[in-house]
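Spelled out from the first residue to the last, the chains are:
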Amino acid sequence: QVQLVESGGGLVQAGGSLRLSCAASGRTFSSYAMGWFRQAPGKEREFVAAISWSGGNTYYADSVKGRFTISRDNAKNTVYLQMNSLKPEDTAVYYCAADMGIVVVTTTLESDYWGQGTQVTVSS
């Protein structure tokens, strides 16, 4: 069982930065691939970024490549999403997800575990 708690969301002006954190419980955190997803009002949840269990492989949606960076610290059971050059269209609730399979995380919405989400609002 893995519990995920996101933090770090907030209100920022366009062009600004935020860093999201996702703290995981459980001793097997390092076995899971981790991902970030987002859901804007009236839209479906979409993939943002993912990282393999070792941190050696990362994946990004085209819309955030070059602006967002995912990383993890297995010693701290935490995954991060550094978001730079934020745009109003990045406004959404951001969710952390965990799954044993990186393919599940990157290509589906069927990850085993999800956090409750943290709101990110980017003003123009």
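Please refer to the structure placed before this passage.
This structure is a prediction, so every number in the text was calculated from the model and none was measured.

Conventions adopted
Residues numbered from 1 in each chain as written. Predicted model: local features only at pLDDT ≥ 70, side-chain atom pairs only at ≥ 80, totals over all residues. Heavy atoms only, no water. Pairing = 2+ DSSP bridges. Helix = DSSP H or I, 4+ residues; strand = E, 2+ residues; numbered from the N terminus. Axes fitted to C-alpha atoms, helices over the stretch in contact; angles between N-to-C directions. Salt bridge = Lys/Arg side-chain N within 4 Å of Asp/Glu carboxyl O. Buried < 20%, exposed > 50% of the residue type's maximum accessible area, 1.4 Å probe, protein only.

A. Looking closely at the sheet that holds strand E7 (residues 68-73). Spatial strand order, E1-E3-E8-E7: four strands in an open sheet with antiparallel pairing. The outermost strands of the open sheet, each flanked by one partner alone, are strand E1 (4-7) and E7. The mean angle between the axes of side-by-side strands here comes to 15°, regardless of whether they run parallel or antiparallel. Two elements, strand E3 (residues 18-24) and strand E8 (residues 78-83), share six bridges in a ladder whose sense is antiparallel. Following the sheet pairing, Cys 22 is matched in E8 by Val 79.

B. Structural detail: the pattern of salt bridges. Under the definition given, this model contains four salt bridges. Between Arg 38 and Glu 46 there is a salt bridge, with the nearest N and O atoms lying 2.7 Å from each other. Owing to a relative accessible area of 6%, Arg 38 belongs among the buried residues under this scheme. Take Glu 46: its relative accessible area is 36%, and that puts it in the partly exposed class. Measuring nitrogen to oxygen at the nearest pair gives 3.2 Å for the salt bridge that ties Asp 62 to Lys 65.

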